[in-house]
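# Overview (structure and organization)
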Amino acid sequence: MELAIIILLIFIIMYLTIQLIKTQSKLKALESNTQTMNKKETFQHTDHPVHQQLLLLIEQQQDIKAVKLARETFGFSLLEGKRYVDWLKKKESSRNIK
């Protein structure tokens, strides 16, 4: 009888462990998606306080410093920071043409 209870408890613990691992995996995926969405929103909203500093650096042709500032501020990778600065340059050049 005691052996049956111990075996049952072991199965319950194993089941709960598996469910915990699945939940942690789903949480990591959600966090990753949230970070990606936040980075995409950053490209759409240019009212961030750093935006003017970035535009000034771009205007002074200091793209490397602009990329560094974008990376530090928004948590971008090097490639994302470069793409963001290029996006700002393109956006500003099209605004100046109009």
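Each remark here, short or long, concerns the structure printed above.
A few points on the structure. All residue numbers refer to position in the chain's written sequence, counted from 1. With pLDDT at 70 or above as the cut-off, local features in this predicted model cover only qualifying residues; side-chain atom pairs require 80 or more to be listed or tallied, and sums for whole chains, interfaces and linings still use all residues. With hydrogens and water stripped out, all remaining heavy atoms of the structure feed into the side-chain values.

## Some remarks on the overall build of the chain
Numbering of helices and strands starts at the N terminus; helices are DSSP runs of H or I of at least 4 residues and strands are runs of E of at least 2. A tally of helices and strands in the chain yields four helices and zero strands. Note on exposure labels: buried denotes an accessible area under 20% of the residue type's maximum, exposed denotes more than 50%, and partly exposed covers the range between, all computed with a 1.4 Å probe on protein chains only. A buried classification covers 18% of the 98 residues belonging to the chain. Nonlocal contacts in the chain, meaning residues at least 24 apart in sequence, comprise 54% of its contacts between residues at least 6 apart. Only carbon and sulfur atoms are counted for the fraction: they give 62% of the accessible area of the chain, which is about 8100 Å². In what follows, residue pairs with any heavy atoms lying within 4.5 Å of each other are defined as contacts. To measure how exposed things are, a 1.4 Å probe is used in the Shrake-Rupley method; for residues, cover is taken only from the protein chains shown.

## Details of the nonpolar core
To form a nonpolar core, buried Ala, Val, Leu, Ile, Met, Phe, Trp, Tyr and Cys residues must be joined to one another through side-chain atoms within 4.5 Å. Leu54, Ala66, Ala70, Phe74, Tyr84 and Leu88 are the most contacted members of the largest nonpolar core, which totals 14 residues. The set of elements that each furnish at least two residues to this core consists of helix 2 (50-59), helix 3 (63-74) and helix 4 (78-97).

## Examining the packing of aromatic side chains
Two rings belonging to Phe, Tyr or Trp (six-membered ring only in the last case) form a pair when the distance between their centres is within 6.5 Å. Interplanar angles under 30 degrees mark stacking, angles over 60 mark edge-to-face geometry, and anything in between is tilted. Summed over the entire model, instances satisfying the criterion amount to four aromatic pairs. Geometrically, the ring pair formed by phenylalanine 74 and phenylalanine 76 is tilted, given 5.4 Å between the ring centres and 40 degrees between the ring planes. Phenylalanine 76 sits in the buried class, given a relative accessible area of 4%. Where phenylalanine 74 meets tyrosine 84, the ring centres are 5.4 Å apart and the plane angle is 70 degrees; that geometry is what we call edge-to-face. Taken as a pair, phenylalanine 74 in helix 3 and tyrosine 84 in helix 4 lie far apart in primary sequence, 10 residues in all. Like phenylalanine 74, the residue tyrosine 84 is buried in the burial classification. Taken together, the aromatic side chains of Phe74, Phe76, Tyr84 and Trp87 make up a single cluster linked through ring pairs.

## As for the pattern of salt bridges
Throughout this description, the term salt bridge denotes a Lys or Arg side-chain nitrogen within 4 Å of a carboxyl oxygen of Asp or Glu. The full count for this structure, using the stated rule, is two salt bridges. In this structure, lysine 89 and aspartate 63 form a salt bridge, with 2.6 Å as the shortest nitrogen-oxygen distance. With lysine 89 in helix 4 and aspartate 63 in helix 3, the pair connects residues that are 26 residues apart, well separated along the chain. The closest approach of N and O atoms between aspartate 86 and lysine 82, which form a salt bridge, is 2.8 Å. Of the two residues, aspartate 86 and lysine 82 both sit in helix 4, four residues apart, roughly one turn of that helix. Assessed through its relative accessible area of 39%, lysine 82 is described here as partly exposed.

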